[in-house]
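As a plain string of letters, each chain reads:
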Amino acid sequence: MTSLVKAVRMLCVSLVALAMQVSTAAEGAPKGHLLIAGGAVRADNGEVWTRLVELAGGKGARIAVMPSAAGNPLRSGTNLVATLNKYGASAFAVPVGVRFKDRDYKRDAEDETLAGQIRAAGGVYFAGGDQGLITKALVRPDGTRTAVLQAIWDVYQKGGVIAGSSAGAAIMSSTMYYEARTVLGTLSVGVNDGQELAPGLGFVGKDLFVDQHLLARGRFARMLPAMLKKGYKQGLGIDENTAVIIDGQRNVEVIGYQGALLLDLEKAQTNGTEKAFNLTNARISYLDRGDRYNLETRQYTPSSDKKDGKLDPASPYLDEQVYSADILGHNTVLVMMEKLINNSRSEAIGIAAPAPGDPRPDLGFEFKLTRDASSVGYESATSDAYTILNLRMDVRPLKITQSWYQ
């Protein structure tokens, strides 16, 4: 891609973002809820689907399914409608998407009949897939909202629920990952508007960055450069088969299979003399299923099985070194956090080393987690589950010598 093409593309992205910010600023605070799922929501996850139907109005609620992100939107829309109806909804698919065969998505996105059907619904659900296809279908080239997108916003403004999974979660914040590299590749090379990053639809507002497939894919690490680039102080990463519900007062409730990571960069710093990615004094927390947290007050309310389970740091259960050679592995960061919060040791070290194909084979990173006076843990009385609040996280670059094993 030539430098001129890159410059034009970045300018277009900036204009789109500006237009979307102006549209959002002209409206009052939405009265509805967001239900943001981290991807791979199973059809038998009754807690997530039932809550979605309830938030849309209860049994018989009309829910508009937006399969725009899917590779096969007709199939995806049909299956999602069947799933929602199984849990009591009266769902319908909206045929607006780039990959719908024999349809013009630009015309469909301005169809007032489709917009009216959505506006009359109690909820909207965005399917997973490619988030870039959602914004391409629903946002005009000048960044303004199509008729269908405005109708979706109207549902949210009047008190309905906007929901989505995977790609449908990525579009919730004002910035989303677009053409992303691997997690380590993102740390190694950085992020740029119009390439790795693009404007989302902004339902969650401008002060929170949202990402998905978090624990399953180690994506907590790729949230960091995006948040620093765009000035986010808080980030919420949701795991698979799990969802968070956010209301107008910025209360977060975690439901589903597992939980979500909360990143706080309010007091984080970087060393500008170091060219590679680095970060000190970030804060990382894990909110488990059933937990509640207010993003504004930072007040935590434990789930019912943890209300009497606050850990005593003076009586730790473990006394062992916590270390991982692959902190970006499946669920690894959570396992490390759980071991650290109930340990006589105060530090844990995790390494991220480049894989074949990563852009910088000589560059890795050390993640140091530290339990200090502000760190708090809660243990479930009924299962092997924890909530971990306010661990310190520092990231520094490492020089990797190839091959580092024989």
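### A look at the overall build of the chain
Stage number 1. Across its full length, the chain carries twelve helices and 20 strands.
Stage number 2. Radius of gyration (C-alpha) of the chain: 21 Å, near the 22 Å computed for a compact globule of 406 residues.
Stage number 3. The dimensions of the chain, computed from C-alpha atoms along their principal axes, are 65 × 55 × 40 Å.
Stage number 4. Taken across its 406 residues, the chain has 56% of its residues classed as buried.
Stage number 5. In the chain, the share of contacts with a sequence separation of at least 24, taken over all contacts with a separation of at least 6, comes to 73%.
Stage number 6. Of the roughly 17700 Å² of accessible surface on the chain, a fraction of 49% belongs to carbon and sulfur atoms.
Stage number 7. Charge-centre separation for the chain: the mean point of 45 positive side chains lies 4 Å from the mean point of 43 negative side chains.

### Concerning the pairing of strand E2 (residues 62-66)
Stage number 1. Counting buried positions along E2 gives four out of five residues, so the element sits mostly inside the fold.
Stage number 2. Where E2 and strand E3 (residues 90-93) come together, four bridges link them in parallel fashion. Counted as the bridge partner of Arg62 is Ser90 from E3.
Stage number 3. Regarding the hand of the β-α-β motif, the stretch spanning E2, helix H3 (residues 73-86) and E3 is right-handed.
Stage number 4. In this sheet, strand E4 (residues 123-126) lies alongside E2 in parallel orientation, the contact comprising four bridges. Across the sheet, residue Ala64 finds its bridge partner in E4, namely Val124.

### Section: the packing of helix H5 (residues 112-119) against helix H7 (residues 147-158)
Stage number 1. With their axes 8 Å apart at the nearest point, H5 and H7 run at an angle of 15° to one another. By the criterion of interaxial angle, the relationship of H5 to H7 is roughly parallel. As for how H5 packs across H7, the hand of that crossing is right-handed. Touching Glu112, Leu114, Ala115, Ile118 and Arg119 of H5 are Ala147, Val148, Gln150, Ala151, Ile152, Asp154, Val155 and Lys158, all from H7.
Stage number 2. Partitioning the contact of H5 with H7 into residue classes produces eight nonpolar, one polar and four charged.

### Focus on the sheet that holds strand E15 (residues 300-301)
Stage number 1. Taken in spatial order, the nine strands of this open sheet run E3-E2-E4-E5-E1-E10-E11-E14-E15, and their pairing is mixed. Strand pairing shows two members of the sheet lacking a second neighbour, E3 and E15, which therefore form its edges.
Stage number 2. Where strand E14 (residues 292-294) meets E15, two bridges bridge the pair, whose relative direction is antiparallel. Directly across from Arg292, in E15, lies its bridge partner Thr301.
Stage number 3. Sheet strands in contact with helix H2 (residues 46-55) are strand E1 (33-37), E2, E4, strand E5 (161-165), strand E10 (242-246) and strand E11 (251-256), and its direction is about 135° off that of E11.

### Some words on H2
Stage number 1. Residues Val48, Trp49, Leu52 and Val53 constitute the buried set of H2. Down the axis of H2, the buried set is contained in an arc of 130°. They therefore lie on one face.
Stage number 2. Where H2 ends, the next residue or the one after it, Gly57, has phi of about 130°, a positive value.

### Some remarks on the pattern of salt bridges
Stage number 1. Tallied over the full model, the rule gives 24 salt bridges.
Stage number 2. With its nearest N and O atoms 2.8 Å apart, the salt bridge here joins Asp211 to Arg222. Residue Asp211 is found in strand E8 (residues 208-212), and its partner Arg222 is found in helix H11 (residues 220-230); the two are separated by eleven residues along the sequence. Across the pair, exposure class does not vary: Asp211 and Arg222 are buried alike.

### Overview of the environment of Ala167
Stage number 1. Within the secondary structure, Ala167 is located in helix H8 (residues 167-170).
Stage number 2. Taking the relative accessible area as the measure of exposure, Ala167 reaches 1% and is therefore buried.
Stage number 3. C-alpha of Ala167 to C-alpha of Lys307: the two residues are 140 residues apart in sequence and 34 Å apart in space.
Stage number 4. Apart from the residues lying within four places of it in its own chain, the contact partners of Ala167 are Ala69, Ala127, Gly128, Gly129, Asp130, Gln131 and Ile134.

### Thoughts on the side chain of Thr146
Stage number 1. Along the chain, the position of Thr146 falls in the loop between helix H6 (131-138) and H7.
Stage number 2. Take Thr146: its relative accessible area is 5%, and that puts it in the buried class.
Stage number 3. Aside from chain neighbours lying at most four places away, what touches Thr146 is Ala109, Glu110, Ala137, Leu138, Val139 and Arg140.

### Considerations on the packing of aromatic side chains
Stage number 1. In the structure shown here, the tally under the stated rule is ten aromatic pairs.
Stage number 2. Residues Phe126 and Phe203 carry aromatic rings whose centres are separated by 6.3 Å and whose planes lie at 40° to one another, so their mutual orientation is tilted. Taken together, the residues span a long stretch of sequence, with Phe126 in strand E4 and Phe203 in the loop between strand E7 (197-199) and E8 at a distance of 77 residues. Across this residue pair, the class does not change: Phe126 and Phe203 are buried.

### Side note on the nonpolar core
Stage number 1. Residues Met66, Ile118, Phe126, Leu138, Ile152, Ile162 and Phe203 are the most contacted members of the largest nonpolar core, which totals 55 residues.
Stage number 2. Looking at which element gives the most residues to this core, the answer is H7, with eight residues.
Stage number 3. Sequence-distant contacts of Met66, defined by excluding residues within four places in its chain, comprise Val94, Val96, Ile118, Val124, Tyr125, Phe126, Ala127, Leu138, Val148 and Ile152.
Stage number 4. With 47 residues, the next largest nonpolar core counts Leu214, Tyr232, Ala276 and Phe365 among its residues.

Rules used throughout
Residues numbered from 1 in each chain as written. Predicted model: local features only at pLDDT ≥ 70, side-chain atom pairs only at ≥ 80, totals over all residues. Heavy atoms only, no water. Helix = DSSP H or I, 4+ residues; strand = E, 2+ residues; numbered from the N terminus. Rg over C-alpha atoms; globule rule 2.2 N^0.38 Å. Buried < 20%, exposed > 50% of the residue type's maximum accessible area, 1.4 Å probe, protein only. Contact = heavy atoms within 4.5 Å. Areas by Shrake-Rupley, 256 points an atom, 1.4 Å probe, with all protein chains shown as cover. Lys, Arg positive; Asp, Glu negative; His and termini not counted. Charge placed at Lys NZ, Arg CZ, Asp CG, Glu CD. Pairing = 2+ DSSP bridges. Right-handed = clockwise from strand over helix to strand, strands pointing away. Axes fitted to C-alpha atoms, helices over the stretch in contact; angles between N-to-C directions. Parallel < 35°, antiparallel > 145°, perpendicular 65-115°, else oblique. Left-handed = near helix turned anticlockwise from the far one by under 90°. Nonpolar A, V, L, I, M, F, W, Y, C, P; charged D, E, K, R; others polar. Arc of directions from axis to C-beta. Salt bridge = Lys/Arg side-chain N within 4 Å of Asp/Glu carboxyl O. Phe/Tyr/Trp six-rings, centres within 6.5 Å; stacked < 30°, edge-to-face > 60°. Core = buried A, V, L, I, M, F, W, Y, C linked by side-chain atoms within 4.5 Å.

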